[in-house]
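Residues per chain, in single letters:
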Amino acid sequence: MGVPNRRRWTAAGVMAILLATAPGAPGVLAAVHAPGAAGKDSAVVSAGASAARAATVDIRPVREEAEDNLETDLAHESRAAVVMDYATGRVLFEKDAHEKLPMASITKVMTLLLVAEAIDGGRLRFSDRVKASEYAASMGGSQIFLEPGETMTVEDLIKGIAVASANDACVALAEHLSGSEENFVRQMNRRAHELGMDDTHFVNCNGLPEPDHYSSAHDIAIMSRELLKHEWITKYTSVYSDYLRKDTEHPFWLVNTNKLVRFYPGVDGLKTGYTAEAKYCLSATAKKDGFRVIAVVMGAPKPSVRNREVSELLNWTFSHYTSKVLYKAGQTVGTVHVLHGVPDTIPVVTGDTVGVIHKRAEHPQFQTQIQLSELGAPVKPGQVVGELKVLDGEDVVASCRLLAGQGARRAGLLDTVGRTLRGLVTFGH
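A brief report on the enclosed structure follows. Worth saying up front: this structure is predicted, and the values here are computed from it rather than measured.

Analysis parameters
Residues numbered from 1 in each chain as written. Predicted model: local features only at pLDDT ≥ 70, side-chain atom pairs only at ≥ 80, totals over all residues. Heavy atoms only, no water. Helix = DSSP H or I, 4+ residues; strand = E, 2+ residues; numbered from the N terminus. Buried < 20%, exposed > 50% of the residue type's maximum accessible area, 1.4 Å probe, protein only. Salt bridge = Lys/Arg side-chain N within 4 Å of Asp/Glu carboxyl O. Core = buried A, V, L, I, M, F, W, Y, C linked by side-chain atoms within 4.5 Å. Contact = heavy atoms within 4.5 Å. Pairing = 2+ DSSP bridges. Axes fitted to C-alpha atoms, helices over the stretch in contact; angles between N-to-C directions. Phe/Tyr/Trp six-rings, centres within 6.5 Å; stacked < 30°, edge-to-face > 60°.

It is worth spelling out the overall build of the chain at this point. Tallying secondary structure elements over the chain gives 11 helices and 24 strands in all. Looking at the chain as a whole, 54% of its 429 residues are labelled buried.

Okay, structure coming up:
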């Protein structure tokens, strides 16, 4: 056990900024966190000569003492386990976290992630109706018993997957989005690669047993964290029971396969899994006092063991750690000058949400550093313009990209003349 090597994630956020030139690094600016000042008016930032890295968020977990895991004796009956802080992506506990194992229906986390990205990207709507093919209706295992040719809304299919782990609903959505399950699975594997899920390979979209279909506890935590960024998903994964086809002659009662949403306070997802090969698996998420964590167990021998060991992982985490979101995605942290731009100053915003986590007995002092590129017009909205780092002493515990909050076009002749005249008038006063 122990904390894994450095991984790449998407996250962000920032703190209130006091600017000072960093020693020995001409043009690079350092922004230092003023405790309690987060969310106040942003500072004006001048661009330096350093190039901004066009990167996803880079989280370097602070290593814990190995004894922390040894003393807990958690998840000892499961084959693998991980606890991950949602805000930072930091791994707080692990047991054989990178072992490649069958994942059963936890596969559906990635299916729901692609569906969520399609919805939030405007390519799919909750109200869209999906027609079930004969192939989708033929799925065995957990299902909502779609009939060939039956239509159902995207929202109801999501509910069927999130609550009842419906295999047929997965295939129906996969075919609707990508034309075929095969094409959809290619997208699943492509997305897994983008997320750094090096221990994962998908063969289908629902987790029915297939050779070469596997993941790890660590990778499951990664994709679970990504899915939770679509905050509406817990509206469905937290439901304990509901109905489909409610106003028809054949209503179908759904009961959540994740019993912890009813019996553990704060649990609002995420996905169970079971096959004879995979045994009992669960990716659970819970939130307490704003602190959200993800606990994954794989290969538990019985559902009661799975639920007990996840509960123990959550109890241990909430009693040992606390977390705080420092900056929300899209939060303005300053402005930057654009050479020959109209406007000549644009806001700088965070690319995602950044938080910090520490042991309850500790009171670390975090600092934030900002590095910006020299910008010349034109600048596109959302263009990467710099990088933000969060430090605990000398350790970088999180970093995120900084984006242009709006675009800037290149100044034309009339813009230049106007600026010159305004400058003369100002000078005259």
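What follows covers the pattern of salt bridges. As enumerated under the stated definition, the model contains 16 salt bridges in all. Where Glu155 meets Lys235, a salt bridge forms, and the shortest distance between an N and an O atom there is 3.6 Å. One end of the pair, Glu155, is in helix H4 (residues 154–164); the other, Lys235, is in helix H8 (residues 234–237), and 80 residues separate them in sequence. Taking the relative accessible area as the measure of exposure, Glu155 reaches 26% and is therefore partly exposed. Of the charged contacts, one joins Glu182 and Arg186 as a salt bridge, the two residues approaching to 3.1 Å between their closest N and O atoms. Of the two residues, Glu182 and Arg186 are both situated in helix H6 (residues 181–194); the distance of 4 residues between them amounts to about one turn of the helix. Accessibility expressed as a relative area gives 55% for Glu182, which makes it exposed.

Moving on to the nonpolar core. Ranked by internal contacts, the top residues of the largest apolar core, which has 68 residues, are Met110, Ile144, Leu157, Ile158, Phe202 and Met298. Those elements that place two or more of their residues in this core are strand S6 (80–85), helix H2 (108–120), H4, helix H5 (167–178), H6, helix H7 (217–228), strand S11 (252–255) and strand S14 (291–300). Tallying contributions element by element places H2 first for this core, with 9 residues. If we ignore the near neighbours within four places in the chain, the residues touching Ile144 are Met152, Leu157, Gly160, Ala166, Asp168, Ala169, Leu244, Arg245, Phe252 and Leu254.

For the rest of this paragraph, the subject is the sheet that holds S14. Ordered in space as S7-S6-S14-S13-S12, the 5 strands form an open sheet in which the pairing is antiparallel. Strand pairing shows two members of the sheet lacking a second neighbour, strand S7 (91–95) and strand S12 (267–275), which therefore form its edges. Across the sheet, the mean angle separating the axes of adjacent strands is 5° when strand polarity is ignored. Two strands pair when backbone bridges link them, and strand S13 (residues 279–288) and S14 are joined in this way by 8 bridges, in the antiparallel orientation. Across the sheet, the residue bridging to Lys287 is Arg292, located in S14. Seen against the sheet, helix H10 (residues 303–320) touches S6, S7, S12, S13 and S14 and runs at an angle of roughly 150° to S14.

What follows concerns unusual backbone geometry. The omega torsion across Val342 and Pro343 is 0°, close enough to zero to call that bond cis. Inspection of the secondary structure puts Pro343 in the loop between strand S17 (341–342) and strand S18 (345–350). That bond from Ala377 to Pro378 is cis: its omega, 5°, falls within 30 degrees of zero. Positive phi, normally seen in glycine, also occurs at Asp96, with a value near 45°. By secondary structure assignment, the location of Asp96 is in the loop between S7 and H2.

Our focus in this paragraph is H4. The element H4 is extensively covered by neighbouring structure, given that 9 of its 11 residues are classed as buried. Residue Ser165 follows H4 closely and has a positive phi angle near 55°.

On to the pairing of strand S16 (residues 332–339), then. Across a regular strand the side chains alternate sides, sitting on one face of the sheet and then on the other. Judged from the 5 bridges that link them, S16 and S18 form a sheet pairing that is antiparallel. Bridge pairing in S18 places Thr332 opposite Val349.

The next thing to look at is the environment of Thr272. Looking at the element boundaries, Thr272 is found in strand S12. Thr272 sits in the buried class, given a relative accessible area of 7%. Taking the C-alpha atoms as reference, Thr272 lies 9.4 Å from Thr107; in sequence the two are 165 residues apart. Apart from residues no more than four positions distant in its own chain, Thr272 is found in contact with Ser105, Ile106, Thr257, Asn258, Cys281, Leu282 and Arg306.

Going through the model one piece at a time under the given rule, you end up with 8 aromatic pairs. Relative to Tyr236, the ring of Trp232 has its centre 6.2 Å away and its plane inclined at 85°; by these criteria the two rings are edge-to-face. Taking the centre distance of 5.9 Å and the plane angle of 70° together, the rings of Trp316 and Tyr321 count as edge-to-face. For the pair Trp316 and Tyr321, a shared accessibility class is recorded, and that class is buried. A network of ring pairs unites the aromatic residues Phe93, Trp316 and Tyr321 as a single cluster.

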